[in-house]
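# Structural characterization, general
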Amino acid sequence: MSEFLQGWKRTDYCTNFTVDDVEKEVTLMGWVQTRRDLGALIFVDLRDRTGLMQVVFDESKLQTDFSPAEHLRHEFVIAVKGPIVLRDEETINDKLPTGLIEVSVRELKILSRAQTPPFEVDDETAVREEKRLKYRYIDLRRPSMQHNMLVRSRISAAAREYLTNNGFLDIETPMLTKSTPEGARDYLVPSRVHPGSFYALPQSPQTMKQILMMSGFDKYFQIVKCFRDEDLRADRQPEFTQIDIEMSFVDVDDIIEMNEGLIAHIFKKVMDVDIELPLRRISYRDAMDRYGSDKPDTRFGLELVNVSDIVEKSDFKVFASVVKNGGSVRAINAKGCVDKFPRRQIDALVDFVKIYGAKGMAWISMKEDGIQSPITKFFTQDELDALLERTDAQTGDLIFFVGDKGKVVFDSLGNLRLKLAETLGLIDESVYDLLWVVDFPVFEYSEEEKRYTAMHHPFTSPKDEDAEKIVTDPENAYAKAYDIVLNGNEIGGGSIRIHDTKLQAKMLEALGFSEEEAWENFGFLLEALKYGTPPHGGIAYGLDRLAMIMLGRESIRDVIAFPKVQNASDPLTSAPSKVSAKQLVELGLKIEE
RNA sequence: GGCCCGGUAGUUCAGUUGGUUAGAACGCUAGCCUGUCACGCUAGAGGUCGAGAGUUCGAGUCUCUUCCGGGUCGCCA
């Protein structure tokens with residue numbers, strides 16, 4: 001039987017006592033971590049979210065029946081009363097923060113018994129994630145998970161603190177919203193009152209926060225759930241949390257400056273790390289050219305080198321034709337790695353880049369006894385000399401080449417770069433490397449849809465001088481968009497928005513919307529823009545991803561209390577699930593078998 | 001939708017070329033023990049080898065199908 005508190009009040013958390021509290025009568029409550037039963041003397045490590053305190057059941061000192069103490073088991077929830085006592089010199093445990101003291105129990109209440117847990121509540125045994133998620137309530141008791149949740153909570157608290165102190169208002173936006181085209185798939189919610197019509201869960205509060213700017217709330221923030229019905233990844237969940245921010249009467253530099261203050265505040269508060277400001281900025285173009293990625297990890301070198309002009313006229317047809325057809329040939333020099341990658345491992349790397357669409361990868365091995373390479377025979381001595389000079393090739397180096405259309409080259413070499421750095425141990429895990437990527441293109445061309453799509457979103461403002469180009473020269477139109485990158489991960493992104501009705505209409509037209517479609521989908525925004533809209537812009541951070549990186553975790557699930565697994569289901573509750581026929585009828589829905 | 005990895009006791013794992021009764025550690029149960037803290041000692045329980053089919057005299061091991069989990073490409077304004 002579970003006992004009730006009957007007036008007992010917890011004095012404090014387990015680890016909030018020190019030698020100064022000796023002889024103080026205290027009441028502690030928590031879970032039984034371990035029991036060491038010596039007969040007429042039983043030690044129990046009592047656990048709460050702060051840590052452990054040893055409590056001692058001595059048959060001679062207990063004021064109540066001793067036998068309940070003998071029957072304590074893992075994960076029982078108990079309350080104990082008794083004085084804090086100093087441990088004898090030889091029984092001090094220097095592994096515990098509370099190792100100098102213990103509680104000499106006079107009274108015990110068993111508040112709840114527990115079945116033997118399916119796995120042990122400690123960080124020592126790595127339990128299969130399937131199991132952990134099914135019994136998430138037990139998994140979350142483990143010290144590492146308690147810590148993750150604590151840090152996550154501190155990050156949002158620090159963000160709230162900074163933003164509130166700087167005049168931002170926390171305003172909620174609806175979860176039941178209008179489905180819009182563009183972007184990710186929506187999670188849909190059927191309307192009972194309007195059969196056949198659906199709400200969408202927000203992919204982000206983007207349009208709502210813009211409307212709040214039009215309403216005069218010139219500094220807004222919200223820590224808010226967002227939903228995208230796309231496939232999961234180690235760093236991607238279908239529902240995730242954004243720190244969402246929008247400001248009026250600002251341009252790019254104002255937003256960047258404010259956010260640098262925010263980021264520095266979070267790192268100081270949560271990790272006691274000083275971030276050097278201002279952060280570096282790199283253009284999208286440079287990021288791609290040098291790192292093959294718009295979220296470059298700049299903690300190490302291995303930069304890409306463009307050799308298109310050298311191989312363009314060579315007899316190596318593969319490379320020459322790639323350049324002729326508008327692609328490029330680029331290289332990475334793995335300095336001094338000639339011996340670290342024997343032929344078989346080079347073949348594995350060639351297979352690796354094929355994942356990203358590369359048809360192959362060439363290489364030059366700068367061996368002590370001469371150059372080894374499958375491609376050098378196609379080049380003249382001049383061309384070869386130029387290649388070696390451009391790539392800074394020296395004896396001992398290993399140089400990789402990929403030639404293909406733009407995206408494939410960047411994806412292949414960008415990811416090869418990361419893989420090489422990981423394999424070679426070039427990454428300093430102790431640094432927080434933050435930078436802005438700026439000057440994104442407005443559009444990217446979608447091969448699938450045969451049209452331009454918004455690289456950021458359709459409300460992103462082009463640069464002042466590129467306003468015309470969105471129609472006349474979309475390829476070369478650049479946007480007032482920026483991403484903030486931490487250790488090679490995009491942790492936030494935003495833009496200055498379009499605050500002019502005509503420009504917004506033109507943008508939608510450039511994206512292939514007819515006037516009718518534009519009004520049908522975004523009419524509320526186009527209409528609102530007409531009634532006095534301040535220039536505005538903002539940013540949204542992925543809180544989960546930020547927490548994951550700050551904690552050095554490899555899975556976003558480790559910083560989310562109740563995450564979904566890869567097929568977007570929840571092993572704890574078994575969501576999603578079938579619903580009753582009655583519910584379907586009410587919603588006017590029929591399921592096709 | 002494609003590719004790769006994994007699934008053996010409650011947990012984490014081992015299991016040789018296909019060969020007797022599938023093992024270890026931790027956990028669990030019972031007993032003993034007044035200074036343990038990875039407590040110790042004694043005894044014990046615990047297995048649909050993810051599921052199904054096939055090959056074989058014989059399958060945890062080989063083949064096929066399938067389920068579950070992870071990673072990844074596509075996808076993710």
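Structural notes, computed from the coordinates. (Residues numbered from 1 in each chain as written. Chains lettered and ligands numbered in written order. Predicted model: local features only at pLDDT ≥ 70, side-chain atom pairs only at ≥ 80, totals over all residues. Heavy atoms only, no water.)

## A short note on the protein's contact with RNA strand B
Rule in force here: Residues are counted as near a molecule or strand when any one of their heavy atoms sits within 4 Å of it. Pairs of N or O atoms within 3.5 Å make up the polar contacts considered here, provided that, within protein, one atom can donate a hydrogen while the other can accept it, and that residues adjacent in sequence are counted only when both atoms are side-chain atoms. Comment: elements are numbered from the N terminus, with helices defined as DSSP H or I runs of at least four residues and strands as E runs of at least two. Under the scheme applied here, ten amino acids are nonpolar (Ala, Val, Leu, Ile, Met, Phe, Trp, Tyr, Cys and Pro), four are charged (Asp, Glu, Lys and Arg), and all others, including Gly, are polar.
As a matter of local geometry, RNA strand B sits amid 48 residues, with Asp37, Thr91, Lys131, Ala454 and His456 nearest to it. Of all atoms in RNA strand B that approach within 4 Å of the protein, 57% are sugar or phosphate atoms. At 2.6 Å from a base oxygen of RNA strand B is found a side-chain nitrogen or oxygen belonging to Arg36. One of the side-chain N or O atoms of Glu230 is found 2.6 Å from a sugar or linking oxygen in RNA strand B. Those elements that provide at least two residues to the surface near RNA strand B are β1 (25–37), β2 (41–48), β3 (51–58) and α2 (129–134). Split into classes, the residues belonging to the surface near RNA strand B amount to 16 nonpolar, 14 polar and 18 charged.

## Quick word on the nonpolar core
This is how it is decided: By convention a nonpolar core is built from buried Ala, Val, Leu, Ile, Met, Phe, Trp, Tyr and Cys residues, the set being connected through side-chain atoms within 4.5 Å. Burial classification: accessible surface area is computed with a 1.4 Å probe over protein chains only, and a residue below 20% of its type maximum counts as buried, one above 50% as exposed, and the rest as partly exposed.
One finds Met361, Phe400, Leu416, Leu420 and Val437 to be the most contacted residues of the largest nonpolar core, which totals 54 residues. Of all hydrophobic cores here, the second largest spans 45 residues; its members include Ile243, Val270, Ile549 and Leu551.

## What to know about the sheet that holds strand β13 (residues 304–306)
The condition that has to hold: Criterion used throughout: strands pair if DSSP finds at least two bridges between them. Throughout, an axis means a line fitted to C-alpha atoms (over the contacting stretch in the case of helices), and angles, computed between N-to-C directions, take values from 0 to 180 degrees.
Pairing within the open sheet is antiparallel, and its five strands lie in the order β13-β14-β17-β15-β16. Looking at the sheet topology across the chains shown, the edges are occupied by β13 and β16 (370–372). Averaged over all pairs of adjacent strands, the angle between their axes in this sheet comes to 25°, without regard to strand direction. Strand direction decides the pairing type here: strand β15 (residues 362–367) and β16, joined by three bridges, are antiparallel.

## Section: the packing of helix α5 (residues 206–214) against helix α15 (residues 515–529)
Rule in force here: Any angle that is under 35 degrees is reported as roughly parallel, and any over 145 degrees as roughly antiparallel; angles of 65 to 115 degrees are reported as roughly perpendicular and all others as oblique. The handedness criterion is simple: a crossing whose near helix is rotated anticlockwise from the far helix by less than a right angle is left-handed, and one whose near helix is rotated clockwise is right-handed. What makes two residues a contact is simply this: any of their non-hydrogen atoms within 4.5 Å.
It is at 10 Å that the axes of α5 and α15 come closest, and there the two elements cross at 20°. When the axes of α5 and α15 are compared, the pair comes out roughly parallel. The chirality of how α5 crosses α15 is left-handed. Contacts between α5 and α15 pair Thr207, Met208, Gln210, Ile211 and Met214 from the former with Phe524, Leu525, Ala528 and Leu529 from the latter. Grouping the amino acids of the contact of α5 with α15 by side-chain chemistry returns seven nonpolar, two polar and no charged.

## Quick notes on the packing of helix α4 (residues 143–165) against helix α16 (residues 543–550)
Remark: α4 packs on α16, axes separated minimally by 10 Å, with the N-to-C direction vectors making an angle of 125°. In terms of orientation, α4 lies oblique with respect to α16. Classified by chirality, the crossing of α16 by α4 is right-handed. Contact residues: Arg152, Ile155 and Ser156 in α4; Leu543, Asp544, Leu546, Ala547 and Met550 in α16. When grouped by side-chain class, the residues that make up the contact of α4 with α16 number five nonpolar, one polar and two charged.

## Structural notes on the side chain of Ser104
As for its placement among the helices and strands, Ser104 is situated in strand β5 (residues 101–104). For Ser104, a relative accessible area of 9% gives the class buried. At 2.9 Å, the side chain of Ser104 and the side chain of Arg106 are in polar contact. When residues no more than four places from it in sequence are discounted, the contact partners of Ser104 are Val56, Lys61, Lys81, Gly82, Pro83 and Val85.

## Concerning the pattern of salt bridges
Applicable threshold: A pair is scored as a salt bridge if a Lys or Arg side-chain nitrogen falls within 4 Å of a carboxyl oxygen belonging to Asp or Glu.
Under the definition given, this model contains 44 salt bridges. The closest approach of N and O atoms between Arg281 and Asp253, which form a salt bridge, is 2.9 Å. With Arg281 in strand β12 (residues 280–283) and Asp253 in helix α6 (residues 252–271), this residue pair connects regions lying 28 residues apart in the sequence. The partly exposed category is assigned to Asp253, whose relative accessible area is 46%. Among the ionic pairs, Glu468 bridges to Lys506, the shortest N-O distance being 3.5 Å. A residue pair is termed long-range when its members are at least 10 positions apart, and Glu468 in the loop between β20 (451–454) and α13 (469–472) and Lys506 in helix α14 (residues 501–510) qualify at 38 residues.

## Some remarks on the environment of Tyr135
Here Tyr135 lies in the loop between α2 and α3 (136–139). Sequence separation between Tyr135 and Phe119 is 16 residues; the distance between their C-alpha atoms is 9.1 Å. Each residue touching Tyr135, except ones within four places of it in the same chain, is listed here: Pro118 and Phe119.

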